[in-house]
Amino acid sequence: MPGDTADAATAPVDVLITGAGPTGLALAIDLARRGVTALLVERQPEFSRGARGTGVQPRTQEVFDDLGVLAAAQAAGGLYPPLALWEDGRIAHTHEMIELVDPTPSTPYSNALMLPQWRNQQVLHARLLELGGSVLLGTELQDFTEDADGVTARLTGADGAVRTVRAAYLVAADGGRSTVRRQLGIQMSGPDLPPGVSIVADVRIDGLDRDHWHRWVLPPHGFVTLLPLVGTDHFQCFAAAGGDPDTSPEAVRALIACHTHLAPEQVREVLWSSVYRPRAGMADTYRHGRVFLAGDAAHIHSPAGGQGMNTSVQDAYNLGWKLGQVLRHGAPESLLDTYQTERRPIAARILETSTRLHRSGSLRRGRDLHQLDIGYPDSPLTRELRTGLPEGARTAGDRAPDAPCTTADGTPSRLFDAFRGPHFTLIALGDTDLDVASLPGADDPALLRTVRVGGPAPDLLDADGHIRDAYGAGPGVFLVRPDGYIALAAPADGATAPVAAALGAYFGATQAV
């Protein structure tokens, strides 16, 4: 990947990514580990300092596990504290706003992780640097043209010079007011949210405990919240405001003092502030030739429920492996059409959820927001070949769950260890007639890894039955995509042919054995 100097932007790349928020950073990480050259540009001269979206849902934590950033995210983050409702200068009630869920063998990450977005971006950026990638800050996309073979874009660097870059594909991760989406003329449609305006700010406050998420109710429908941001001495303020609010430090101090028991001088410092106006919508299309929309450029949500950033990162995770297969492993370009086919219905569902929560004003947050139930059963990439399955069985299109197990010599392991990386994973349960050596990609563990569970020569032992509980007693075969979803589920007999056909579509003729 090019370095951090603007001069390097003239080198051709496989993928140009505009916008270095969590979406663009996650995509750049995924591409870097696949050997895909990408240029990530961000028009701002530095990463945003705002906490913004703070919730990393369990499914996104699984994505972070695979991308190699979960440990750093967990070290920098933590659980949300209980909500404290203030009345007459004292805490009148407390309750758990976010339901706490015990982990299970199949879902080791079971609760939302509080992680300020600026810290989230630091963690992702550090991982990108480890992989040899970089970000061109202060670099703005001016315009671009498409042709049959790629995209030619003009970039303006921090020095004001305009340079041209050639890329096979352009991915717009440049936010809700996406320059790329506007240039393409792609419209957004969605529900109307109740009008309103709020101030969002990161502040330092004296005299307020950090054991609660503090809330003051303002008649008739307003409120102020102060959330202690884990790993910092900051609070995130969200306060209803009116008209065209002033975001200056003095105005933020006055707003907090007006609606809480705190004095202005207790708001020791205002680190960052912004105006929030509720918007919701979804792009009419996610693809235009060689250009893709991802994250807020493709869908805008109410922050209610903490779904927007998580949906955006998972957009990147879905698109990244498909770009890698096309650019590096001979997959047909039609594979990229499944990005919209799979992700746009998910965005529609999430948009409905966040809009419902926004309109209701409900503060309760449960496991229905964890995004662990997202799947692609109707995707053209999904094939379920087994019959007579019991009700509730794991099927093709579902998320591939984790399961603690051991290696053949008794060393503790888990299925997520086998999944971690840019490869496909083939799980063979019990005694199957699978001829692994004849499969496309079988000779390259960077493309395909096979794990046999049970049978005559097992790689993994399921002494406690966790794999059986998650995937069924078998025998059978599961092909798990690089993004952790089951692409193919087949019976044990005659499994080689359908697995080979599925892999051949992803790897192309050059990988056939």
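These figures come from a predicted structure and were not determined experimentally.

Enquirer: Could you clarify how one ought to interpret the environment of T18 in this entry?
Expert: Within the secondary structure, T18 is located in strand 1 (residues 13-18). On the accessibility criterion, T18 (4% relative accessible area) is buried. Along the primary structure T18 and L136 are separated by 118 residues, whereas in three dimensions their C-alpha atoms are 9.8 Å apart. Beyond its immediate chain neighbours, meaning those up to four positions away, T18 contacts V41, L141, L170, V171, A172, A173, D174 and V180.

Enquirer: I'm lost on helix 1 (residues 22-32) in this one. Help?
Expert: Turn by turn, an α-helix covers 3.6 residues, leaving residues three or four places apart pointing in a common direction. Extensive coverage of helix 1 is indicated by the burial of eleven of its eleven residues. For helix 1, the complete set of buried residues consists of P22, T23, G24, L25, A26, L27, A28, I29, D30, L31 and A32.

Enquirer: Any chance you could explain the pairing of strand 28 (residues 486-491) here in plain terms?
Expert: Note on strand geometry: in a regular strand, side chains alternate between the two faces of the sheet. Taken across its six residues, strand 28 has five buried, putting it largely inside the fold. Pairing of strand 21 (residues 383-384) with strand 28, which is carried by two bridges, proceeds in the parallel orientation. Across the sheet, the residue bridging to E384 is A489, located in strand 28. Here strand 27 (residues 476-480) runs beside strand 28; their pairing, made up of five bridges, is antiparallel. Looking at strand 28, one finds that V477 is bridged to A490. The antiparallel hairpin formed by strand 27 and strand 28 contains five residues in its connecting segment, where G484 sits at a positive phi of about 80°.

Enquirer: What is the right way to read the side chain of D30 from this model?
Expert: Tracing the chain through its elements places D30 in helix 1. With a relative accessible area of 1%, D30 lands in the buried category. A distance of 2.8 Å separates polar atoms of two side chains, one belonging to D30 and the other to R33. In contact with D30, other than residues within four places in its own chain, are L67, A316, Y317, G320 and W321.

Enquirer: When you look at the pairing of strand 24 (residues 424-429) in this model, what are you seeing that I'm missing?
Expert: By the criterion of burial, strand 24 is predominantly enclosed, with six of the six residues buried. The alternating pattern of strand 24 places F424, L426 and A428 and T425, I427 and L429 on opposite faces, both of which are buried. Bridging between strand 24 and strand 25 (residues 448-453) involves six bridges; their strand directions are parallel. Paired with T425 across the strands is R449, a residue of strand 25. In the sheet, strand 24 pairs with strand 27 via five bridges, with the strands oriented antiparallel. Counted as the bridge partner of T425 is V480 from strand 27.

Enquirer: What is the right way to look at the sheet that holds strand 14 (residues 222-228) in this model?
Expert: Strand pairing in a sheet takes place through backbone hydrogen bonds and is either antiparallel or parallel in direction. Across the sheet, which stays open at both edges, the seven strands sit in the order 5-4-13-14-15-12-16 with mixed pairing between neighbours. At either margin of the open sheet sits one strand with a lone partner, and together these are strand 5 (90-95) and strand 16 (267-276). In this sheet, adjacent strand axes meet at a mean angle of 25° when their direction is disregarded. Relative to strand 16, strand 12 (residues 197-205) runs antiparallel, the two being bridged by eight bridges. Bridge assignment links V203 to a residue of strand 16, and that residue is V270. Each of strand 12, strand 13 (213-218), strand 14, strand 15 (235-241) and strand 16 touches helix 6 (residues 249-259); the most contacted strand, strand 16, lies at about 95° to it.

Enquirer: Can you help me understand the sheet that holds strand 17 (residues 281-283) in this one?
Expert: With antiparallel pairing, the three strands of this open sheet are ordered in space as 11-17-20. A strand with exactly one partner marks an edge of an open sheet, and here the two such strands are strand 11 (188-189) and strand 20 (299-300). In this sheet, strand 20 lies alongside strand 17 in antiparallel orientation, the contact comprising two bridges. Opposite G281, over in strand 20, you have I300 as the bridge partner.

Enquirer: Sorry, what's going on with a negative patch on the surface here?
Expert: A contiguous patch of negative charge on the surface is contributed by D431, D433, D435 and D493. Here D431 falls in the exposed class, since its relative accessible area comes to 56%.

Enquirer: Please clarify how the packing of helix 1 against helix 7 (residues 308-329) should be interpreted in this entry.
Expert: How two helices pack is summed up by the angle between their axes together with the distance between the axes. Contact pair helix 1 / helix 7: the axes reach a minimum separation of 8 Å and the direction vectors enclose 25°. It follows that helix 1 is roughly parallel to helix 7 by the angle criterion. Where helix 1 crosses over helix 7, the two elements pack in a sense that is right-handed. Residues P22, T23, A26, L27, D30 and L31 of helix 1 form the contact with helix 7, whose own contacting residues are M309, S312, V313, A316, Y317, G320, W321 and L323.

Enquirer: Before we go on, may I ask you to explain the nonpolar core in this structure?
Expert: Most often, soluble globular proteins keep nonpolar side chains buried together rather than apart. Counting residues in each nonpolar core, the largest one holds 112 residues, and the members touching the most others are I17, F144, V180, L323, I427 and Y471. Of all the elements, helix 7 adds the most residues to this core, at eight residues. Of all hydrophobic cores here, the second largest spans 19 residues; its members include W86, A201, L208 and W216.

Enquirer: Would you explain the pattern of salt bridges in this entry?
Expert: Side-chain pairs of opposite charge can arise whenever the charged atoms involved come near each other. In the structure shown here, the tally under the stated rule is 29 salt bridges. A salt bridge links D14 to R328, with the shortest nitrogen-to-oxygen separation between them at 2.5 Å. One end of the pair, D14, is in strand 1; the other, R328, is in helix 7, with 314 residues separating them in the sequence. According to the relative accessible area criterion, R328 is partly exposed, its value standing at 36%. Between R277 and D244 there is a salt bridge, and its shortest N-O distance comes to 3.9 Å. Of this pair, R277 sits in the loop between strand 16 and strand 17 while D244 sits in the loop between strand 15 and helix 6, placing them 33 residues apart in sequence. A single network of salt bridges, built from pairs that share partners, joins D65, D402, R414, D417 and R420.

About the criteria used
- Residues numbered from 1 in each chain as written.
- Predicted model: local features only at pLDDT ≥ 70, side-chain atom pairs only at ≥ 80, totals over all residues.
- Heavy atoms only, no water.
- Helix = DSSP H or I, 4+ residues; strand = E, 2+ residues; numbered from the N terminus.
- Buried < 20%, exposed > 50% of the residue type's maximum accessible area, 1.4 Å probe, protein only.
- Contact = heavy atoms within 4.5 Å.
- Pairing = 2+ DSSP bridges.
- Polar contact = N/O pair within 3.5 Å; in protein donor to acceptor, adjacent residues only side chain to side chain.
- Axes fitted to C-alpha atoms, helices over the stretch in contact; angles between N-to-C directions.
- Patch = residues over 30% accessible without salt bridge, like charges linked within 9 Å, V, L, I, M, F, W, Y side chains within 5 Å.
- Areas by Shrake-Rupley, 256 points an atom, 1.4 Å probe, with all protein chains shown as cover.
- Salt bridge = Lys/Arg side-chain N within 4 Å of Asp/Glu carboxyl O.
- Lys, Arg positive; Asp, Glu negative; His and termini not counted.
- Charge placed at Lys NZ, Arg CZ, Asp CG, Glu CD.
- Parallel < 35°, antiparallel > 145°, perpendicular 65-115°, else oblique.
- Left-handed = near helix turned anticlockwise from the far one by under 90°.
- Core = buried A, V, L, I, M, F, W, Y, C linked by side-chain atoms within 4.5 Å.

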